[in-house]
Amino acid sequence: MARTEQTTLGIGMVGYAFMGAAHSQGWRTVGRVFDLPMRPVLAAVCGRDRAAVRAAADKHGWADAETDWRDLVARDDVQVVDICTPGDSHAEIAIAALEAGKHVLCEKPLANSVEEAEAMASAARRAREQGVVAMVGFNYRRTPAMAFARRMVEEGRIGAFRHVRISYLQDWLVDPEFPLTWRLEREHAGSGALGDLGAHIVDLAQYLSGETLVGVSAIAETFVRERPLPGGGSRGTVTVDDAVLFTGRLASGALAFFEATRMAAGRKNSLRLELNGERGSLAFDLERLNELSFHDHTEPVASAGFRRILVTEPDHPYLEAWWPPGHALGYEHTFVHQARDLVEAIATGSDPSPSFADGLQVQRVLAAVEESAEKNAVYTPVPAQE
Ligand code: SOE
């Protein structure tokens, strides 16, 4: 039944680059697809360059533009502050917004350090008592296939976990002449492939398994240590990892393997995972995001094997609102679903997921990975051949 009495929910977004464009798409579309208890209104977008932010507002459908995030947070027509800036400004903006009684959506990773993430999680806890909601933007949870995989795990179709195997591979840093942008600077991004891509796969491993990682062992590398500065001319030092590999142990004792890199030539946005349990296995590939691969190990062995589930049925998560079966969704829809889930949490007063506490927990894993990679503590050299 359509919910007729809709109040509006004013959204203010800080940042308007790649993630800002993706979030705008989510906010613009969500009320036209889902039957929502509140109607999101794109009130204002914020960025430091007046002309550029005005152009972004027009392009992405925002009614107004601000050049200081404090003015955005203070606006009476903004009830949700959506943070799409580099990690070094997440904590300051999120905490100020929560203290002003605004709901917050913050891009991943939650922060650049555990200390910042802790401060954000406590601000979110305090705000929660006043009915304010804070959510982290781990958008890949919102592919219908991932949400359905989680449902299958909850239904016991995988059984006790044995293995989690996840890689997230991109190739935009293969060229050594690619400029030294903020994502390659520790002071702005916190870390490299680890925070950018590793945060997603840590979140997915924990979300899908319903367990947390209790320990990790890592190696990391920066293959290209100097890159041209964006303005041209001289070169600067890369202060983050290009790639990281780590193993981990889940609370149940299951073993996990992770790889995150922006140096895998030919891999554009390849996120692949496989879960193996006592009763079955599930596999997913973001480049085929409308599919899941499932093996039911309880079936007679002669006819068992991996089979493809096409995740486009109205019974699958989020899909009741979209197209008829077989009409596939894409990357951008994860941001529509994220907006839907946040609006529902705000309207119903329910706990958001993933919460800032979840974001803090991922941050702790990232910090443990960095510590392990720096110490090389458990790195055992293989003796050279005589
Ligand atoms: C860049 O590597 C990036 O935009 C990530 O920051 C996003 O989180 C990921 O979804 C796509 O790639």
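What counts, and at which threshold
Residues numbered from 1 in each chain as written. Predicted model: local features only at pLDDT ≥ 70, side-chain atom pairs only at ≥ 80, totals over all residues. Pairing = 2+ DSSP bridges. Helix = DSSP H or I, 4+ residues; strand = E, 2+ residues; numbered from the N terminus. Right-handed = clockwise from strand over helix to strand, strands pointing away. UniProt positions renumbered as here; feature names shortened; annotations may be inferred. Near = placed C-beta within 6 Å. Nonpolar A, V, L, I, M, F, W, Y, C, P; charged D, E, K, R; others polar. pLDDT = per-residue confidence, 0-100. Axes fitted to C-alpha atoms, helices over the stretch in contact; angles between N-to-C directions.

### Thoughts on the pairing of strand β2 (residues 38-46)
Move 1: Strand direction decides the pairing type here: strand β1 (residues 7-14) and β2, joined by eight bridges, are parallel. Paired with V14 across the bridge in β2 is C46.
Move 2: Handedness of the crossover joining β2 and strand β3 (residues 64-66) through helix α2 (residues 50-60): right-handed.

### Looking at the UniProt feature "domain: Gfo/Idh/MocA-like oxidoreductase N-terminal" (unreviewed entry) in the protein
Move 1: Under the local residue numbering, the UniProt record ascribes the feature "domain: Gfo/Idh/MocA-like oxidoreductase N-terminal" (unreviewed entry) to residues 10-137.
Move 2: End C-alpha atoms of residues 10-137 are separated by 18 Å, and the span's content is 45% helix alongside 23% strand.

### Observations concerning the site of the ligand
Move 1: Surveying the vicinity of the ligand reveals the residues F18, Q170, D196 and N269.
Move 2: The residue makeup of the shell around the ligand, split by class, is one nonpolar, two polar and one charged.

### Focus on the confidence of the model for the protein
Do not read the fine detail of predicted coordinates wherever pLDDT is low.
Move 1: Scored by pLDDT, the protein has a mean of 96; 97% of the residues are at 70 or more.
Move 2: The ipTM assigned to the predicted complex is 0.94, against a pTM of 0.96.

### Thoughts on the sheet that holds strand β4 (residues 80-83)
Move 1: Sheet architecture is open: six strands sit in the order β3-β2-β1-β4-β5-β6, paired in parallel fashion. In this open sheet, the two edge strands, each paired with only one partner strand, are β3 and β6 (134-137). Each strand axis lies, on average, 25° off the axis of its neighbour in the sheet, ignoring direction.
Move 2: Where β4 lies against strand β5 (residues 103-107), four bridges are found, and the strand directions are parallel.

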